[in-house]
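In case you want the letters, here they are:
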Amino acid sequence: MSVYGAKYATAMLWILILMKLRLIRGRWVEKTAPRLRRIFHWAPLRMAVMAILILVFRSALVHATRVVARDSLPLTGICFFLAGGLVITLYATLCRLLERRRITELSRHTAAPETTKGLFTGFLLITVATAVMYLGGGYRITAFTPTWDLVWLFLYCLLTAATEECLFRGVIYRITERSAGSAAAIIISALLFGGAHILNPNASLWTSAAIAIEAGILFGAIYAHSGNLWLPIGIHWAWNFTEGRIWGLPVSGSPKITTLFHAETSGPELLTGGAFGPEASLTVVITCSLLSVWLIYDLHRTRRWIPFHLPFGHMRRQRRHTR
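## Focus: the nonpolar core
Part 1: With 71 residues, the main nonpolar core has Met-50, Tyr-91, Leu-106 and Val-171 as its most contacted residues.
Part 2: Here the element with the most residues in this core is helix α6 (residues 158–180); it accounts for 11 residues.
Part 3: Residues within four places of Val-171 in sequence aside, it is in contact with Met-47, Met-50, Ile-54, Tyr-91, Cys-166 and Thr-176.

Structure below.
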């Protein structure tokens, strides 16, 4: 066969392959895709699939980071920051594929201002709680150790915040709210969020209940009130960083070594949270609960609170304003 004949045969082969792929795609769009959409229309299955994929993807990213970054803190921080962005991207992709809708809760127009607002709010919440502990004699600074490592640790904290907010607020709260109403969404997402921390170091039934009340309910109410995920992601991100890396307190039971302030706590555990950290203290529980009550009241006042209805039935279209 001549050179021109070989080129002609190769071109024809590629044309046939492309035609076959278009035929397969046409059959997929015509038959398979509608069936899958009907299957994933059932809310519990959609929640389970999205949750599993997000958790598996997050685990794979953590493993890849450990292989690539090894013991380099700057590289680990950058990789975890990028991984947080990839988790958010995966969530948006799953919503488009399984729900075929606009991802208004992750609008690029609100990303910067809402995340910035969240970072400031998260810093303020933990700082107020720490100040109350200090005034009550339960918190004392022992050393001040500024270091550039805090920059990389700040980036490091995004992955946990992004994963948990996409999972518990973006998937569980949002889908449950549309299926059964706002009250069911807050209760279910808060209980699951608190229960997810039961295996943390120094955890107990009380610490899980405290996290469910102070953070599970609060973050759900914040998401419902703002209509976007950027705000709770920012609050969660700053909450973990401020608590562990600035004020030197345990974060959900995990003590931190590299911190801006090294501190000691003493006194009743209901004031300090003991070995688990301030999240197990009544100070944080009461402060966050007051904010949650106000947000839920405002949702009722502005008629954005979705009444309870039969769970996981027909997906009703509900109003949700996005700032």
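## What to know about the side chain of Thr-115
Part 1: Within the fold, Thr-115 resides in helix α4 (residues 108–135).
Part 2: Look at Thr-115 and you get buried, because its relative accessible area is 14%.
Part 3: Within the structure, Thr-115 has its side chain in polar contact with the backbone oxygen of Ala-111 (distance 2.6 Å).
Part 4: In this structure, Thr-115 is in contact with Thr-110, Trp-230, Gly-234 and Trp-237, ignoring residues within four places of it in sequence.

## Some remarks on helix α9 (residues 230–246)
Because an α-helix completes one turn every 3.6 residues, residues spaced three or four positions apart along the sequence face the same direction.
Part 1: Between its first and last C-alpha atoms α9 spans 22 Å; for 17 residues at 1.5 Å apiece the expected length is 24 Å, and the two agree.
Part 2: Among the 17 residues of α9, 17 are classified as buried, and the element is accordingly described as predominantly covered.
Part 3: Phi turns positive, to about 70°, at Gly-248, one or two residues after α9.

## Digging into the packing of helix α3 (residues 73–99) against α6
Part 1: The contact between α3 and α6 brings their axes to 7 Å, and the two run at 20°. The orientation of α3 with respect to α6, classified from their angle, is roughly parallel. Considering how the two elements wind past one another, α3 and α6 form a crossing that is right-handed. Contacts from Phe-80, Phe-81, Ala-83, Gly-84, Gly-85, Val-87, Ile-88, Tyr-91, Cys-95 and Glu-99 of α3 reach α6 at Leu-158, Leu-159, Ala-162, Thr-163, Cys-166, Gly-170, Val-171, Arg-174 and Ile-175.
Part 2: Residue classes in the contact of α3 with α6 are distributed as 13 nonpolar, four polar and two charged.

## Looking at the confidence of the model for the chain
Part 1: Mean pLDDT over the chain works out to 87, with 83% of the residues at or above the 70 mark.
Part 2: For the chain, per-element mean pLDDT is lowest for helix α1 (residues 3–39), which scores 57, and highest for α9, which scores 96.
Part 3: Low pLDDT (under 50) marks residues 312–323, which in the prediction has 32 contacts with non-local residues, meaning those over four places away or in another chain.

## Focus: the packing of aromatic side chains
Part 1: By the definition in use, this model includes 10 aromatic pairs.
Part 2: Their ring planes at 45° and their centres at 6.2 Å tell us that Phe-81 and Trp-237 sit as a pair that is tilted. Placement of the pair is Phe-81 in helix α3 and Trp-237 in helix α9, with a sequence separation of 156 residues.
Part 3: A residue is classified by how much of its surface remains accessible, and Phe-81, at 32% relative accessible area, is partly exposed.
Part 4: We classify Trp-237 as buried; its relative accessible area is 7%.
Part 5: Between Tyr-173 and Tyr-223, the ring centres sit 5.7 Å apart and the planes meet at 85°, which makes this aromatic pair edge-to-face.

## Topic: a nonpolar patch on the surface
Part 1: A contiguous nonpolar surface patch, about 420 Å² in accessible area, is contributed by Phe-120, Phe-123, Leu-124, Val-128 and Val-132.
Part 2: Here Val-132 lies in helix α4.
Part 3: Among the residues examined, Val-132 registers a relative accessible area of 36% and is labelled partly exposed.

Cut-off values and rules
- Throughout, a residue's number is its position along its own chain's written sequence, starting from 1.
- Residue-level local features of this predicted model are given only where pLDDT is at least 70; pairs of side-chain atoms are given and counted only at 80 or more, and the full residue set underlies all totals for whole chains, interfaces and linings.
- For side-chain calculations, the full set of non-hydrogen atoms in the structure is used, while hydrogens and water are omitted.
- Residue types Ala, Val, Leu, Ile, Met, Phe, Trp, Tyr and Cys, when buried and joined through side-chain atoms within 4.5 Å, form a set referred to as a nonpolar core.
- Think of it in three bands: residues with accessible area under 20% of the maximum for their type are buried, residues over 50% are exposed, and the middle band is partly exposed, with areas taken using a 1.4 Å probe on protein chains only.
- Strands here mean DSSP runs of E at least two residues long; helices mean DSSP runs of H or I at least four residues long; both are numbered from the N terminus.
- In this analysis, two residues are considered to be in contact whenever any of their non-hydrogen atoms come within 4.5 Å of each other.
- In protein, a polar contact requires one atom able to donate a hydrogen and another able to accept it; more generally it is a pair of N or O atoms within 3.5 Å, and residues adjacent in sequence count only if both atoms are side-chain atoms.
- Helices are assigned an expected span. That span is 1.5 Å times one less than the residue count.
- Think of each axis as a best-fit line through the C-alpha atoms, taken over the contacting stretch in the case of a helix, with angles from 0 to 180 degrees between the N-to-C directions.
- Any angle between 65 and 115 degrees counts as roughly perpendicular, while under 35 counts as roughly parallel, over 145 as roughly antiparallel, and the rest as oblique.
- By convention the crossing between two helices is left-handed if the near helix lies anticlockwise of the far one by an angle smaller than a right angle, and right-handed if it lies clockwise.
- For this classification, the nonpolar set comprises Ala, Val, Leu, Ile, Met, Phe, Trp, Tyr, Cys and Pro, the charged set comprises Asp, Glu, Lys and Arg, and every other residue, Gly included, is treated as polar.
- For every residue, the predictor states its confidence as a pLDDT score lying anywhere from 0 to 100.
- Stacked, tilted and edge-to-face are the three classes assigned to paired rings of Phe, Tyr and Trp, where Trp is represented by its six-membered ring and a pair needs centres within 6.5 Å; plane angles under 30 degrees give stacked, over 60 edge-to-face, the rest tilted.
- Put simply, a patch holds well-exposed residues, over 30% relative accessible area, that have no salt bridge, with like charges counted together within 9 Å and Val, Leu, Ile, Met, Phe, Trp or Tyr side chains within 5 Å.
- Computed with the Shrake-Rupley method and a 1.4 Å probe, the accessible areas treat only the protein chains shown as cover for residues.
- By definition here, a salt bridge exists when the distance from a side-chain nitrogen of Lys or Arg to a carboxyl oxygen of Asp or Glu is within 4 Å.

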